[in-house]
Amino acid sequence: MGDYGDWLVMIVAGALLVYWLYRLFYRWLHEPPGLNTKLLLSEAEDVMEDDVNVQLLEKAGYEVTHGKYRVPLTIDLDGTTLHSRLFIDLIAEKDGKYYIVKTARERMPIDWTGSGVRDRLLVYALLMPRCEGVLFVDHKESVIRTITFKFGS
């Protein structure tokens, strides 16, 4: 029984390994091409505890986990390389759900219509699809707006 038992364990372990490799390959094969780039949030700035936006979020029950983060972008425009960047102001967490935080700016007011919110904030939801949504923090009005995007009807 010892020889057969050892072979049975090896066959089961081999089958599990083959299944795991198959699932890994299947996920890689069917993953959208843009998702294979990972944001290294470990490179984010430290959270400034005296920031009024951080204080407002913490008062509302959020835990601010990361500070400002710069996402570098390289754009190919008809063979010419352009460089730009996106800024994520903060990353916050509440009840195990993560949110990208954008803060209100006087020089860049947001138009609170469907197209205005889409144009300004959809890119952040697409940038980190595993986040629950985008929080828009306006410390002057003491308001936190939660924006989630759903595709389809």
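For the structure given in this document, a descriptive report is provided here. (Residues numbered from 1 in each chain as written. Predicted model: local features only at pLDDT ≥ 70, side-chain atom pairs only at ≥ 80, totals over all residues. Heavy atoms only, no water.)

## Thoughts on the pairing of strand E3 (residues 80-88)
1) Next: The pairing of strand E2 (residues 69-77) with E3 spans nine bridges and is antiparallel. When the sheet's bridge partners are listed, Pro72 is paired in E3 with Arg85.
2) Next: Taking the residues between adjacent antiparallel strands as the criterion, E2 and E3 are bridged by two residues, where Asp78 takes a positive phi near 50°. (Pairing = 2+ DSSP bridges. Helix = DSSP H or I, 4+ residues; strand = E, 2+ residues; numbered from the N terminus.)

## A closer look at the layout of surface pockets
1) Next: Each pocket or cavity is described by its volume, and for the second largest pocket that value is around 240 Å³.
2) Next: Taken together, 14 residues make up the lining of the second largest pocket; nearest its centre are Ala104, Arg105, Phe136, Asp138 and Glu141.
3) Next: Counting only elements with at least two residues in the lining of the second largest pocket, the list comes to strand E6 (133-138) and strand E7 (143-147).
4) Next: Residue classes in the lining of the second largest pocket are distributed as seven nonpolar, one polar and six charged. (1 Å grid on protein atoms, 1.4 Å probe; cavity = no way out; pocket = protein on both sides within 12 Å on 5 of 7 lines; lining within 4 Å. Points joined across faces, edges and corners; volume = space filled by probe spheres on them. Nonpolar A, V, L, I, M, F, W, Y, C, P; charged D, E, K, R; others polar.)

## Focus: the environment of Gly67
1) Next: Looking at the secondary structure, you find Gly67 in the loop between strand E1 (63-66) and E2.
2) Next: For the pair Gly67 and Val54, spaced 13 residues apart in sequence, the C-alpha separation works out to 9.3 Å.

## A word on helix H3 (residues 114-127)
1) Next: The terminal C-alpha atoms of H3, which comprises 14 residues, lie 19 Å apart, in line with the 20 Å expected from a rise of 1.5 Å per residue.
2) Next: By the largest-angle criterion, Leu121 marks the main kink of H3, which is about 50°.
3) Next: Buried residues along H3 sit against E3, strand E5 (97-103), E6 and E7. (Expected span 1.5 Å × (residues − 1). Bend = angle between axes of the 7 residues up to and from the residue. Contact = heavy atoms within 4.5 Å.)

## Remarks on the sheet that holds strand E4 (residues 90-94)
1) Next: Within the open sheet, the five strands sit side by side as E1-E4-E5-E6-E7. Their pairing is mixed. A single partner strand is all that each edge strand has here, and the edge strands are E1 and E7. Along the sheet, successive strands turn relative to each other by an average axial angle of 35°, direction set aside.
2) Next: In terms of strand pairing, E1 meets E4 through three bridges, oriented antiparallel. Looking across to E4, one finds that Glu63 is bridged to Glu93.
3) Next: Lying over the sheet, helix H2 (residues 52-59) contacts E1, E4, E5, E6 and E7, oriented at roughly 115° with respect to E6.
4) Next: Across the face of the sheet, H3 comes into contact with E5, E6 and E7 while running at roughly 125° to E6. (Axes fitted to C-alpha atoms, helices over the stretch in contact; angles between N-to-C directions.)

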